[in-house]
Amino acid sequence: MYRAVTRHIEVTVEPNFMPERSSAERGHFFWSYTVVITNAGPDTVQLRTRHWIITDASGRKQEVRGEGVVGEQPVLAPGERFEYTSGVPLPTATGFMSGRYQMISIRSGEPFEIDVPTFSLDSPDSKRVLN
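Note that this is a predicted model, so its numbers are computed, not measured.

1. A word on the packing of aromatic side chains
Counted under the stated rule, the structure contains 7 aromatic pairs. For the ring pair Trp 52 and Tyr 101, a centre distance of 6.1 Å and an interplane angle of 85° mean the geometry is edge-to-face. With Trp 52 in strand β4 (residues 45-56) and Tyr 101 in strand β8 (residues 94-105), this pair connects stretches of sequence that are 49 residues apart. There is no split in this pair, since Trp 52 and Tyr 101 are both buried. An aromatic cluster is defined as three or more aromatic residues linked by ring pairs; in this entry it consists of Tyr 2, Tyr 33, Trp 52, Tyr 101 and Phe 119. The residue whose ring lies beneath Arg 7 is Phe 112, and the NZ or CZ to ring-centre distance is 4.0 Å. Here the guanidinium or amino end of Arg 21 rests over the ring plane of Phe 30, the centre of that ring lying 3.8 Å away.

And the structure:
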């Protein structure tokens, strides 16, 4: 599990390789990832936008920007959490994702960004190289 905390908001990510949706022969690898956003701060906040940078093993980057997550812009009161699962395809057996969410404080209207931890996308067939 991967974890980041920004302004008392915790984001955890658990990636999961999906062999049933992947084909090494066709150069198609698919992962699901489950994100949990927990508001440990004193203010109610809303997630407004997402920004992902997806990098495959060849170094190719894809940026994804959009409103909310999985069609929602969740509001989190202090102590509340929001969980969702999404997916990502890659043409390589490994890669990684990083990102940020734009949040807004409901009380003050102040926008701010929080980090999503960088997480690794590894298929069981990939060879791990350690430096």
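Once the structure has been displayed, the description carries forward.
2. Digging into the pattern of salt bridges
All chains considered together, the criterion is met by 8 salt bridges. In this structure, the salt-bridge partner of Glu 10 is Arg 3, at a minimum N-O distance of 2.5 Å. Looking at Arg 3, the relative accessible area reads 58%, which means it is exposed. Through salt bridges with shared partners, a single ionic network connects Arg 100, Glu 113 and Asp 115.

3. Let's talk about unusual backbone geometry
For His 8, which is not glycine, the phi dihedral falls at a positive 70°. Unusually for a residue other than glycine, Val 70 sits at a positive phi of about 40°. Accessibility expressed as a relative area gives 43% for Val 70, which makes it partly exposed.

4. What about the sheet that holds strand β7 (residues 81-90)?
Spatially, 4 strands are ordered β1-β2-β3-β7 in an open sheet, and the strand pairing comes out antiparallel. Every other strand in the sheet has two partners, leaving β1 (2-6) and β7 as the edge strands with one partner each. Each strand axis lies, on average, 20° off the axis of its neighbour in the sheet, ignoring direction. Summarising the sheet, strand β3 (residues 29-39) and β7 pair through 10 bridges and their orientation is antiparallel. Looking across to β7, one finds that Val 36 is bridged to Glu 83.

So, how was this worked out
- Residues numbered from 1 in each chain as written.
- Predicted model: local features only at pLDDT ≥ 70, side-chain atom pairs only at ≥ 80, totals over all residues.
- Heavy atoms only, no water.
- Phe/Tyr/Trp six-rings, centres within 6.5 Å; stacked < 30°, edge-to-face > 60°.
- Helix = DSSP H or I, 4+ residues; strand = E, 2+ residues; numbered from the N terminus.
- Buried < 20%, exposed > 50% of the residue type's maximum accessible area, 1.4 Å probe, protein only.
- Lys NZ or Arg CZ within 6 Å of the ring centre and 35° of its normal.
- Salt bridge = Lys/Arg side-chain N within 4 Å of Asp/Glu carboxyl O.
- Pairing = 2+ DSSP bridges.
- Axes fitted to C-alpha atoms, helices over the stretch in contact; angles between N-to-C directions.

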